[in-house]
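Observations on chain architecture
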Amino acid sequence: MLKVSVVIPAYNEEDRLPGTLQRLRELSDRGELKAEICEVLVIDDGSRDRTREVVESGRDQWPLLRLCSLQENRGKGAAVKRGLIEARGDWILVADADMATPWEELNKLLVYSDSADLIMGSRALPDSLIEVRQHWIRQTMGKIFNRIMRFFIGLPYKDTQCGFKLVRNEEVFRTKILPLLSVERFAWDVELILFMEKFRLRVREVPIRWQHKESSRVRIVHDSIEMLFAIRQMRRRLKKA
C-alpha cells in the first residue's frame, strides 16, 4: 500500500482544524482510504490564533500528527514548500484546512498513481461535483484568472488553483523541482505545474467533489493581480531553468 504524507498549510485555523483532523483520522483508522497515511504535517504560517496549540494538543491522541511553524506569515506557497520538504511519504497530498474537498476524494486521485506524477483535483471538469458554489463574483474572477493564465503560459488545465493535489515524492522532484519553487503566495500551484512539465513529469487533472467554505483567505482583486505578476516572473525563470 502506498504511503501518503498529508500537508495542510494553515493560517489562523484554530476553529476548522479540529474537525478536519478528526475526520482524516477516522477515515484512516477505519481503512477507508486506499493508502496508508504515514504522517500529517500541519504547516503553521505564522498564525496569530491558537492554531499551534490545537495541533500540539492533538499529537497526544494521534502520533502521526506533526507541527511545523513559520515564524511569520509568509503565504500559502511558502507553507506548502516547507511541507513538501519535510514530507517523507511515497506521495504527498496537499490539502486545505477547510476540508472543502472531502478526504475521501484522495481515493479518486490514487487511481492514477501509476500513470501520473502530479494528480490535481479539479472543480471545472464535466464530472466535477460542486455541492456548494462560490459567490458569482469569486467564480467569475477565478475563470478570468484561469483564462489569462492559460493565454500567457499555455497550460491546458481547467483548474490550477484547487487546494487538493497529490504529488509523487521521488528523487527528481526533491532534487530538481523543490529547490526551484519560490512563489510564496497563491500562485504556487501554477509554478509547481510549470516545473513538473519542464522536467517532463506527468500531470493529470481529475474531477472531484467540492463545496465552498466561508472565511476564504483569498482577497479576490489583490491576490489575482499578485498572481498575474508572479506568472510573468515564472515565465522568465522557466526559460533560465
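Structural notes, computed from the coordinates. (Residues numbered from 1 in each chain as written. Predicted model: local features only at pLDDT ≥ 70, side-chain atom pairs only at ≥ 80, totals over all residues. Heavy atoms only, no water.)

**Section: the packing of aromatic side chains**
The relation between two aromatic rings is expressed through the spacing of the ring centres and the mutual angle of the planes. Counted by the stated rule, this structure contains zero aromatic pairs. Above the face of the Trp 210 ring, Arg 123 is positioned so that its terminal group lies 5.1 Å from the ring centre. (Phe/Tyr/Trp six-rings, centres within 6.5 Å; stacked < 30°, edge-to-face > 60°. Lys NZ or Arg CZ within 6 Å of the ring centre and 35° of its normal.)

**A few points about the side chain of Asp 49**
In this structure, Asp 49 sits in the loop between β2 (36-45) and α2 (51-59). A relative accessible area of 18% means that Asp 49 is categorised as buried. Of the polar contacts made by the side chain of Asp 49, one reaches the backbone nitrogen of Glu 13; its length is 3.3 Å. At 3.1 Å, the side chain of Asp 49 forms a polar contact with the backbone nitrogen of Glu 14. For Asp 49, the contacting residues outside a window of four places in its chain are Asn 12, Glu 13 and Glu 14. (Helix = DSSP H or I, 4+ residues; strand = E, 2+ residues; numbered from the N terminus. Buried < 20%, exposed > 50% of the residue type's maximum accessible area, 1.4 Å probe, protein only. Polar contact = N/O pair within 3.5 Å; in protein donor to acceptor, adjacent residues only side chain to side chain. Contact = heavy atoms within 4.5 Å.)

**Comments concerning helix α1 (residues 17-29)**
Taking 1.5 Å of rise per residue, the 13 residues of α1 would be expected to cover 18 Å, and the 18 Å separating its terminal C-alpha atoms lies within 8% of that figure. When α1 is considered as a whole, its buried residues turn out to be Leu 17, Thr 20, Leu 21, Leu 24 and Leu 27. Viewed end-on, α1 has its buried residues packed into an arc of 130°, placing them on one side of the element. Those residues of α1 that are buried are in contact with β1 (3-10), β2, α2 and β3 (65-70). (Expected span 1.5 Å × (residues − 1). Arc of directions from axis to C-beta.)

**Notes on the pairing of β2**
Where burial is concerned, most of β2 is hidden: eight out of the ten residues are buried. Sheet analysis places β1 next to β2, joined by eight bridges and oriented parallel. Bridge pairing in β2 places Ser 5 opposite Glu 39. The β-α-β motif built from β1, the intervening α1 and the parallel element β2 has right-handed crossover chirality. As paired elements, β2 and β3 share six bridges and run parallel to each other. Looking at β3, one finds that Val 42 is bridged to Leu 67. Taking the sense of rotation as the criterion, the β-α-β connection linking β2, α2 and β3 turns out right-handed. (Pairing = 2+ DSSP bridges. Right-handed = clockwise from strand over helix to strand, strands pointing away.)

**Notes on the pattern of salt bridges**
Going through the model one piece at a time under the given rule, you end up with 19 salt bridges. The shortest N-O distance in the salt bridge between Arg 25 and Asp 29 comes to 3.5 Å. With Arg 25 and Asp 29 both in helix α1, this residue pair falls four residues apart, about one helical turn. With relative accessibility at 56%, the residue Asp 29 sits in the exposed group. Across the pair Arg 30 and Glu 32 runs a salt bridge, and its minimum N-O distance is 2.6 Å. (Salt bridge = Lys/Arg side-chain N within 4 Å of Asp/Glu carboxyl O.)

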